[in-house]
Amino acid sequence: MKRKDLDIDRICEKCEFSVGICDDFYVLCKKKGVVPGGHYCRKFVYDPLKRDPGKIPGVMLPDMETIDEISDLT
Ligand code: SF4
C-alpha cells in the first residue's frame, strides 16, 4: 500500500518536516517556520513515527474464582 493511499490526517503535526515546540497548538516546520498544527501544504510528507496509535486495550486478569477453578482441574 502506498503512503498516499493511507487514510491519514494530512496536517503539519503528522508531517516529516515538523517538530513540536513548547506550544500545543503550533509546530516548527523546516520549510515554513512556525505554523499551526492543523495547517498543511503541498510539501506534506507523512511521518509514520508521529502516528497516534490510540488507546491500547488493557490486559484482562482472571478473578480469584476462575483461578481456583483452574487450580482444581490440575
Ligand atoms: S507546512 Fe508543509 S512542509 Fe511544513 S510541516 Fe506543514 S505540511 Fe509539512
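Here's a quick rundown of the structure. (Residues numbered from 1 in each chain as written. Predicted model: local features only at pLDDT ≥ 70, side-chain atom pairs only at ≥ 80, totals over all residues. Heavy atoms only, no water.)

Focus: the environment of K55
The following threshold applies: Only DSSP runs of H or I covering at least 4 residues are called helices, and only runs of E covering at least 2 are called strands; the numbering of each starts at the N terminus. We call a residue buried when its accessible area falls under 20% of the maximum for its residue type, exposed when it is over 50%, and partly exposed in between, using a 1.4 Å probe and counting protein chains only.
Along the chain, K55 falls in the loop between strand 3 (33–36) and helix 1 (64–73). Its relative accessible area of 83% is what places K55 among the exposed residues. Sequence separation between K55 and R42 is 13 residues, and the spatial gap between their C-alpha atoms is 30 Å.

Concerning the environment of G38
Examined against the element boundaries, G38 turns out to sit in the loop between strand 3 and helix 1. As for G38 and L49, which are separated by 11 residues in sequence, their C-alpha atoms are 17 Å apart.

Concerning the side chain of D47
Counted only if it meets this: The contact criterion used is simple: two residues touch if any of their non-hydrogen atoms lie within 4.5 Å.
Relative to the helices and strands, D47 is located in the loop between strand 3 and helix 1. Here D47 is in contact with K14, C15 and E16, once residues within four sequence places are set aside.

Considerations on the site of the ligand
For clarity, the cut-off: Any residue with a heavy atom positioned within 4 Å of a molecule or strand is treated as near that molecule or strand. Any residue outside Ala, Val, Leu, Ile, Met, Phe, Trp, Tyr, Cys, Pro, Asp, Glu, Lys and Arg is labelled polar, Gly included; the first ten of those are nonpolar and the last four are charged.
All residues adjacent to the ligand are C12, C15, F17, S18, C29, K32, Y40, C41, K43 and F44. Here the shell around the ligand is built from residues that sort into seven nonpolar, one polar and two charged.

Regarding the sheet that holds strand 1 (residues 18–20)
Which entries qualify depends on this criterion: Two strands are said to pair when DSSP picks up at least two bridges between them. Axis definition: a line fitted to C-alpha atoms, over the contacting stretch in the case of helices. Angles run 0 to 180 degrees between N-to-C directions.
If you trace the three strands from one edge of the open sheet to the other, you get 1-2-3, paired in antiparallel fashion. One side of each edge strand has no neighbouring strand; the edge strands of this open sheet are strand 1 and strand 3. Taken pair by pair, the neighbouring strands of this sheet meet at an average axis angle of 40 degrees, ignoring direction. In this structure, strand 2 (residues 26–29) lies alongside strand 3, joined through four bridges in antiparallel fashion. Opposite C29, over in strand 3, you have G33 as the bridge partner.

A short note on the packing of aromatic side chains
Basically, it comes down to this: Note on aromatic contacts: the rings of Phe and Tyr and the six-membered ring of Trp form a pair at centre separations within 6.5 Å, being stacked when their planes are under 30 degrees apart, edge-to-face when over 60 apart, and tilted otherwise. Both a distance and an angle decide whether a charge sits over a ring: NZ of Lys or CZ of Arg must be within 6 Å of the ring centre and within 35 degrees of the ring normal.
In total, this model carries one aromatic pair according to the counting rule given. Taking the centre distance of 5.0 Å and the plane angle of 90 degrees together, the rings of F25 and Y26 count as edge-to-face. The exposed category is assigned to F25, whose relative accessible area is 51%. One residue, K31, lies across the ring of F17, its end atom 4.6 Å from the ring centre.

Section: a positive patch on the surface
Rule in force here: Patch definition: residues with relative accessible area over 30% and no salt bridge; like charges joined within 9 Å; nonpolar side chains (Val, Leu, Ile, Met, Phe, Trp, Tyr) joined within 5 Å. Using a 1.4 Å probe, the Shrake-Rupley method yields the accessible areas, and only the shown protein chains count as cover for residues. The salt bridge criterion pairs a side-chain nitrogen of Lys or Arg with a carboxyl oxygen of Asp or Glu, the two atoms within 4 Å. Asp and Glu count as negative and Lys and Arg as positive, but His and the ends of the chain are not part of the count. Throughout, a charge is located at the NZ atom of Lys, the CZ atom of Arg, the CG atom of Asp or the CD atom of Glu.
Taken together, the side chains of K30, K31, K32, R42 and K43 make up a positively charged region of the molecular surface. By the element assignment, K32 lies in the loop between strand 2 and strand 3.

By themselves, these observations are geometric and do not establish any function.
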